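Working through the structure, step by step
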Amino acid sequence: FKWGGASGLFDGNGDYLTVPHSADFDFGTGDWTVELWYRPAALDIQRALIGKVGAPGFYPFRIRVNATGYVLGYCTDGSATYSTPNAGPAVSVGAWSHIAFVRRSNLITLYVDGVATGSPVSMGAALFTNSAPLCIGSYGADFAAGSGAGSCAYGHIDDMRIIKGE
């Protein structure tokens, strides 16, 4: 664990947590932050950390780590996909990293340990909304249970939080 006395341990084989859909996850055009601490057990393949995917391409947001440790944030308005740059800093096996995916004033930015992974990306449209559950350790429940089961988080996740508005 990073804080407190426990954290979520994910084995990369389809285990994940879900939170039922709530209108609280419908961010619209407002500011928001999705943040967590992640301690990867390995950097082997693309791993999903959190998402709210109802179907491929239909999600408000998702965060993943690739096999080289770069963290990427994605969001969509239902027709266009917006993604943060595939650049440093990266996470390291066995080390805790703070990850924050932020939308502020129509700019999305992903931070690793307080450092932006690249220039902010402009997104003026409202985030796509769906009724899928929020998934921690995966992009979505259907994805984790199906062909994406091998892409679930592999390591520890701690102190995940979502902030809607400022």
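First, a word on what this report is: a plain description of the structure on this page. This is a predicted model, so every value here is computed, not measured.

**Things to note about the sheet that holds strand β5 (residues 61-65)**
Strand order in the open sheet formed by 6 strands is β2-β12-β4-β5-β6-β7, with antiparallel pairing between adjacent strands. Strands with a single pairing partner mark the edges of an open sheet, and in this sheet they are β2 (17-19) and β7 (81-83). Across the sheet, the axes of successive neighbouring strands diverge by a mean angle of 25°, strand direction being ignored. Where strand β4 (residues 47-51) meets strand β12 (residues 134-136), 2 bridges bridge the pair, whose relative direction is antiparallel.

**Quick notes on unusual backbone geometry**
Here the amide bond leading from Gly88 into Pro89 is cis, since omega sits at 0°, within 30 degrees of zero. Secondary-structure assignment places Pro89 in the loop between β7 and β8 (97-104). Phi is positive for Asn106, close to 65°, though the residue is something other than glycine. Examined against the element boundaries, Asn106 turns out to sit in the loop between β8 and β9 (107-112). In this structure, Asp113 takes a positive phi of about 50° despite not being glycine. Along the chain, the position of Asp113 falls in the loop between β9 and β10 (115-116). The partly exposed category is assigned to Asp113, whose relative accessible area is 44%.

**As for the nonpolar core**
With 27 residues, the main nonpolar core has Leu49, Ile63, Cys75 and Ile99 as its most contacted residues. Elements represented by at least two residues in this core include exactly β3 (32-40), β4, β5, β6 (71-76), β8, β9 and β12. Per-element accounting of this core gives the leading share, 4 residues, to β3. Setting aside chain neighbours within four positions, we find Cys75 in contact with Trp32, Tyr59, Pro60, Phe61, Ala80, Thr81, Tyr82, Phe101, Ile108, Met123 and Leu127. The next biggest cluster of nonpolar side chains, apart from the first, holds 6 residues, and it includes Ala48, Val53, Leu72 and Tyr74.

The rules behind each value
- Residue numbering note: each chain is counted from 1, following its sequence as written.
- Predicted model: local features are reported for residues with pLDDT of at least 70 only, side-chain atom pairs are reported and counted for 80 or more only, and whole-chain, interface and lining totals are derived from all residues.
- Excluding hydrogens and water, the side-chain figures rest on all heavy atoms present in the structure.
- Strand pairing is defined by DSSP finding a minimum of two bridges between the two strands.
- Numbering of helices and strands runs from the N terminus, with a helix taken as a DSSP run of H or I at least four residues long and a strand as a DSSP run of E at least two residues long.
- With axes taken as lines fitted to C-alpha atoms, and helix axes fitted only over the stretch in contact, angles between N-to-C directions fall between 0 and 180 degrees.
- Summary of the burial criterion: residues with accessible area below 20% of their type's maximum are buried, those above 50% are exposed, and those between are partly exposed, where the area comes from a 1.4 Å probe applied to protein chains only.
- Buried Ala, Val, Leu, Ile, Met, Phe, Trp, Tyr and Cys residues that are joined via side-chain atoms within 4.5 Å together make up what is termed a nonpolar core.
- When checking whether two residues touch, look at their non-hydrogen atoms; a contact exists if any pair is within 4.5 Å.

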